[in-house]
Amino acid sequence: MLRLLDGPGLVEGLAEALDGGRPVAPVPEDRQFPALALEEPVIEPGAAAVVTTSGSTGEPKAVVLGADAIRFAAGATHARLGGPGDWVCALPTRHVAGLMTVARAVVAGTRVRFVRGDLSDLPAPDGRAYLSLVAAQLDRALDRPADVELLRAHAAVLVGGSAVPARLRERAAAAGVVALTTYGMSETCGGCVYDGRPLDGVRVELDAERIGLGGPMAFLGYRLRPDLTRQVLAGDLVRTSDRGRWVEGRLQVLGRIDDVVLSGGSNVDLGVVQRACDAEFGPGVVAVLAVPDPRWGARVVALATTDLALADLRERLEPRVGKASVPRELRRAATVAYTSLGKIDRAALLRAWAKGGDGEPG
């Protein structure tokens, strides 16, 4: 049976689970997550933790992580970063990125400190320490001089959960913050590719651009869903839903497979259009999505959090993405919906679009 834990209790419980004790699950956001099936035994040998996926792009699932996978992932991270250190947990432990900040400290025998997501109580490290954030947290912290000083004092700041704009990486570097972008997922014990380079022992395989991540960090399966497990896991290779390519020896993540839509006979990569919006207007200002259209098949549209005319949006984006990929409609929204890990919540955006946004079309 699973133990549902959070905060300091999760530290102790995970340590016991890694030593062969009862598997643990971080407390989910709504404290009622059917995919965890708490009343059912965990049947996967060596299971140490079960973490839920966000469900922002599909059916929520519970991912079973083995003790060996967690130890490997923690050790590989410390090897890449230059050695063990304390960890600061500023992310929800119900997601794998937060859970792994705890796991790395537990495996290394170091400390983990829990802080608020806005970093308002971020302590000054008194030794080698690491911090894990999403892009939005780093972006806000870089606007606050006191936070910049604290970030500089950390040996490294891992930034993952979603695409990290080049402009944000440049801001961090200019501020003297050692920020490393990470790529991975719940099924791989979180980030296992740092700044485009796989951690030692991790391999990346591309199948017609579809990314596969293989190695000892692979999960054991989806809880009570062997059918879904077979679709994703082959041996120690996790077949992701992301597209990528190698650029000068580094993995470049292009976006999700389902980000490519057919609109008016042309393939439109929503990931490319979203990155162009982030570069042109800044993160969190414009979000793009595709909605069904009887004429075009799929129609590329946008939601903006600021006053922006459709003509201006199209004019500024067309040189970057081409005429066929620019949004055909624009609506105002109060905010761009994100998951707690900084990923655009497409499901929430589609619901907002169906309601007409917060204003008239641009």
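Everything here concerns the structure above.
Residues numbered from 1 in each chain as written. Predicted model: local features only at pLDDT ≥ 70, side-chain atom pairs only at ≥ 80, totals over all residues. Heavy atoms only, no water.

Taken together, seven strands build an open sheet; the order of strands is β6-β5-β7-β8-β9-β10-β11 and the sheet is mixed. What marks the edges here is a single partner per strand, and that holds for β6 (112–114) and β11 (197–198). The strands touched by helix α3 (residues 96–108) within the sheet are β5 (86–89), β6, β7 (129–134), β8 (156–160), β9 (179–185) and β10 (190–194), with β5 carrying the most contacts at an inclination of about 155°. (Pairing = 2+ DSSP bridges. Helix = DSSP H or I, 4+ residues; strand = E, 2+ residues; numbered from the N terminus. Contact = heavy atoms within 4.5 Å. Axes fitted to C-alpha atoms, helices over the stretch in contact; angles between N-to-C directions.)

A word on α3. For α3, which comprises 13 residues, the first-to-last C-alpha distance of 18 Å matches the rise-based estimate of 18 Å (1.5 Å per residue) to within 8%. Of all the residues in α3, the buried ones are V96, G98, L99, M100, T101, V102, A103, R104 and A105. Positive backbone phi, at 75°, marks G109, one or two positions downstream of α3. (Expected span 1.5 Å × (residues − 1). Buried < 20%, exposed > 50% of the residue type's maximum accessible area, 1.4 Å probe, protein only.)

So, on to the side chain of D293. Mapping D293 onto the fold places it in strand β20 (residues 286–293). One polar contact links the side chain of D293 to the main-chain amide nitrogen of R295, over a distance of 2.8 Å. Apart from the residues lying within four places of it in its own chain, the contact partners of D293 are A298 and R299. (Polar contact = N/O pair within 3.5 Å; in protein donor to acceptor, adjacent residues only side chain to side chain.)

Another point: the sheet that holds strand β22 (residues 329–332). Within the open sheet, the three strands sit side by side as β20-β21-β22. Their pairing is mixed. Of all the strands in the sheet, the pair left with one neighbour each is β20 and β22. Within the sheet, the average angular offset between the axes of one strand and its neighbour, ignoring direction, is 30°. One ladder, built from eight bridges, connects β20 with strand β21 (residues 297–304); its direction is antiparallel. Looking across to β21, one finds that P292 is bridged to A298. Contacts from helix α8 (residues 270–281) reach β20 and β21, with the element oriented near 150° to β20.

With that out of the way, let us pick up the packing of α8 against helix α9 (residues 310–321). When two helices pack together, their arrangement is given by the angle between the helix axes and the distance between those axes. Put simply, α8 and α9 touch, their axes get as near as 10 Å, and they point 120° apart. Between α8 and α9, the angle is such that the two are oblique. When the axes of α8 and α9 are compared, the crossing they make is right-handed. Residue-level inspection shows V272, V273, A276, C277, A279, E280 and F281 of α8 in contact with α9, the latter providing L313, R316, L317, R320 and V321. Residues that form the contact of α8 with α9 fall into these classes: nine nonpolar, no polar and three charged. (Parallel < 35°, antiparallel > 145°, perpendicular 65-115°, else oblique. Left-handed = near helix turned anticlockwise from the far one by under 90°. Nonpolar A, V, L, I, M, F, W, Y, C, P; charged D, E, K, R; others polar.)

What follows is about helix α1 (residues 7–18). The end-to-end C-alpha distance of α1, which contains twelve residues, comes to 17 Å, matching closely the 16 Å that a straight helix rising 1.5 Å per residue would cover. For α1, the set of buried residues is G7, L10, G13, L14, A17 and L18. The buried residues of α1 occupy an angular sector of 130° when projected down its axis, which confines them to one face. Facing away from the buried side of α1, by more than 90 degrees, are the exposed residues P8 and E12. Each element contacted by the buried residues of α1 is listed here: β1 (3–5), β2 (24–26), β3 (47–52), α2 (67–81), α3 and β6. Residue G20 follows α1 closely and has a positive phi angle near 100°. (Arc of directions from axis to C-beta.)

Another point: the pattern of salt bridges. Tallying each qualifying case throughout the model produces 23 salt bridges. A salt bridge links R171 to D139; its shortest N-O distance comes to 2.6 Å. With R171 in helix α6 (residues 166–174) and D139 in helix α4 (residues 135–141), this residue pair connects regions lying 32 residues apart in the sequence. Using a relative accessible area of 28% as the deciding quantity, one classes R171 as partly exposed. D312 is the salt-bridge partner of R316, the closest N and O atoms lying 3.8 Å from each other. On the criterion of helical spacing, the pair formed by R316 and D312 is a turn pair, its members being four residues apart in helix α9. The class for D312 is partly exposed, based on a relative accessible area of 29%. (Salt bridge = Lys/Arg side-chain N within 4 Å of Asp/Glu carboxyl O.)

Moving on, we come to the packing of α2 against α3. Axis separation between α2 and α3 bottoms out at 9 Å; the angle between their running directions is 85°. On the basis of their axis angle, the class for α2 and α3 is roughly perpendicular. Where α2 approaches α3, its residues I70, R71, A73, A74, T77 and H78 are matched on the opposing element by M100, A103, R104, V107 and A108.

Moving on, we get to unusual backbone geometry. The backbone of A208 shows a phi angle near 50°, a positive value even though the residue is not glycine. Looking at where A208 falls in the secondary structure, it is placed in the loop between β12 (203–207) and β13 (210–214). You can call A208 exposed: its relative accessible area is 74%.

On their own, these measurements won't tell you what the molecule is for.
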